[in-house]
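In case you want the letters, here they are:
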Amino acid sequence: MADDRRGPGVVVLGSVHMDLIAAADRLPGPGESVRNGVFTRAAGGKGGNQACQFVLAGGVARMLTRLGDDDFGRFLLHGLEAKGVDTTLVVRDLDAPTGASTVFVADEDYCSIIAPGAAANLSETDVEAARVAIEAADALVLQLELPAAISAYAAAIAAEAGTRVIFNASPAPEGVAALPGALLGATSLLVVNRVEAGRLLGRGVESADAEAAVAALSADLGIGTVVVTLGGEGIVAIQDGIIRRQPAFAATVVDAVGAGDAFLGTFATGWLEGMPLDVALCRGAAAGALAVSRSGVYDALPDRQAVDRFLAETAAS
């Protein structure tokens, strides 16, 4: 578990849903079935994953979402609380089921279909009830598994209060024009993977041109700090016009689900603590490497001490 000191406090607005995961040697094509898969069920949703990782990385996280009043909802609420996430802002929805995601995994590749359920009913009234918490937080953390309009509403509250906004534009729409201006205007830190960066830019993003892509995102969106993750080819970031590259750490891939959330929560905790960008990127990359080497989602997320040990062992080898 994370240490006892009081780290950065965040409110995470996003989805918490049940992941129904099928793993196989390869992903199926359209109309195809792949045999010999392995099925597991785990707590998921990018919002929940990231909230847990913020706590494990040494921060304080409050989750803002809706869950159904059902077995999935009770399971997920317990999972968040077991990781130390504050769930007092979670709304129980009596009319809609808890969301679920069907995930297909093969080595480092995965795809999913998200049915947000009750989380899609998160309303401006729910966000207003969390206004004091958002205003008092060091950052508001957002993704795009819920409607962008509700994230934009919360981002406007954060911006008015001077609370930084960390935006993980995932899943990304086709083009930046699909994103609310209020959301982009409030964002202090944007984190996307190469596929999401490509969707926003309208072109493919390869490792060789990743510096140009991250610079274009920063300029086009008016966001000072932008990070693009490149899987096994590392990470590229820009802050105040300066571009940094962080190589990926070697890892035996067991399960790639949640690795991006492990990176984001660990990197962003360091960034909020005021770590130099290259140091925070290195810690995030270490967290991602640890996460892919373990099965599951919440159980695969590394704590601060595990990241410290990994980096010390890597430096000594």
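Located above this text is the structure these notes cover.
How each quantity is defined
Residues numbered from 1 in each chain as written. Predicted model: local features only at pLDDT ≥ 70, side-chain atom pairs only at ≥ 80, totals over all residues. Heavy atoms only, no water. Buried < 20%, exposed > 50% of the residue type's maximum accessible area, 1.4 Å probe, protein only. Helix = DSSP H or I, 4+ residues; strand = E, 2+ residues; numbered from the N terminus. Pairing = 2+ DSSP bridges. Phe/Tyr/Trp six-rings, centres within 6.5 Å; stacked < 30°, edge-to-face > 60°. Lys NZ or Arg CZ within 6 Å of the ring centre and 35° of its normal. Contact = heavy atoms within 4.5 Å. Axes fitted to C-alpha atoms, helices over the stretch in contact; angles between N-to-C directions. Parallel < 35°, antiparallel > 145°, perpendicular 65-115°, else oblique. Left-handed = near helix turned anticlockwise from the far one by under 90°. Nonpolar A, V, L, I, M, F, W, Y, C, P; charged D, E, K, R; others polar. Expected span 1.5 Å × (residues − 1). Arc of directions from axis to C-beta. Polar contact = N/O pair within 3.5 Å; in protein donor to acceptor, adjacent residues only side chain to side chain.

## Looking at the pairing of strand E7 (residues 98–106)
Then comes step 1: In terms of residue burial, E7 counts as a mostly covered element, since 7 of its 9 residues are buried.
Then comes step 2: Sheet analysis places strand E2 (residues 17–23) next to E7, joined by 6 bridges and oriented parallel. Within E7, the residue paired with Ala23 across the bridge is Val105.

## Here's the deal with the packing of aromatic side chains
Then comes step 1: Enumeration over the complete set of coordinates arrives at 2 aromatic pairs.
Then comes step 2: The interplanar angle of 90° and the centroid separation of 5.3 Å between the aromatic rings of Phe249 and Phe310 together place this pair among those described as edge-to-face. With a gap of 61 residues between them, Phe249 in the loop between strand E14 (242–246) and helix H9 (259–273) and Phe310 in helix H11 (residues 304–316) connect regions that are remote in the sequence.
Then comes step 3: Residues Phe263 and Phe267 carry aromatic rings whose centres are separated by 5.4 Å and whose planes lie at 5° to one another, so their mutual orientation is stacked. Residue Phe263 and its partner Phe267 are located together in helix H9, separated by 4 residues, close to a single helical turn. Here Phe263 matches Phe267 in class, with each residue buried.
Then comes step 4: A cation over an aromatic ring shows up here: Arg41 above the ring of Phe75, its NZ or CZ 5.3 Å from the ring centre.
Then comes step 5: The ring of Trp271 is capped by Arg164, whose NZ or CZ atom sits 5.4 Å from the centre of that ring.

## As for the environment of Asn121
Then comes step 1: Residue placement: Asn121 occurs in the loop between strand E8 (109–117) and helix H3 (124–129).
Then comes step 2: According to the relative accessible area criterion, Asn121 is partly exposed, its value standing at 38%.
Then comes step 3: Once residues within four sequence positions are removed from consideration, Asn121 is found in contact with Arg66, Asp93, Ala96 and Asp126.

## Comments concerning the packing of helix H7 (residues 194–201) against helix H8 (residues 210–221)
Then comes step 1: Interhelical geometry of H7 versus H8 gives an angle of 50° and a closest axis separation of 11 Å. With respect to each other, H7 and H8 are oriented oblique. Between H7 and H8 lies a crossing of left-handed hand. Contacts from Ala197, Leu200 and Leu201 of H7 reach H8 at Ala213, Ala216, Leu217 and Asp220.
Then comes step 2: A per-class count over the contact of H7 with H8 returns 6 nonpolar, no polar and 1 charged.

## Side note on helix H2 (residues 71–82)
Then comes step 1: Here H2 contains 12 residues, and its C-alpha end-to-end distance of 16 Å stays within 8% of the 16 Å for a straight helix at 1.5 Å per residue.
Then comes step 2: Inspection of H2 places Gly73, Leu76, Leu77, Gly79 and Leu80 among the buried residues, and these make up the whole buried set. What you see down the axis of H2 is that its buried residues fit within an arc of 160°, all on one side. Exposed side of H2, more than 90 degrees from the buried face: Asp71, His78 and Ala82 are the residues found there.
Then comes step 3: Positioned one or two residues after H2, Gly84 has a phi angle of 95°, which is positive.

## Things to note about the side chain of Ser151
Then comes step 1: Note that Ser151 resides in helix H5 (residues 148–161).
Then comes step 2: For Ser151, a relative accessible area of 1% gives the class buried.
Then comes step 3: Among residues more than four places away in sequence, those in contact with Ser151 are Leu13, Leu142, Gln143 and Leu183.

## Looking at the side chain of Asn49
Then comes step 1: With respect to the helices and strands, Asn49 occurs in helix H1 (residues 46–56).
Then comes step 2: Judged by its relative accessible area of 4%, Asn49 falls in the buried class.
Then comes step 3: Looking at Asn49, its side chain comes within polar contact range of the side chain of Asp261, at 2.9 Å.
Then comes step 4: Each residue touching Asn49, except ones within four places of it in the same chain, is listed here: Ala43, Gly44, Gly258, Asp261, Val297, Tyr298 and Leu301.

## Focus on the environment of Ala186
Then comes step 1: The residue Ala186 is located in helix H6 (residues 181–186) in this model.
Then comes step 2: A residue is classified by how much of its surface remains accessible, and Ala186, at 11% relative accessible area, is buried.
Then comes step 3: Residues Ala186 and Glu174, 12 residues apart in the sequence, show an inter-C-alpha distance of 20 Å.
Then comes step 4: Those residues in contact with Ala186 that lie beyond four places of it in its chain are Ala155, Ala159 and Val165.

Take it as geometry only, folks, not as evidence of what the structure does.
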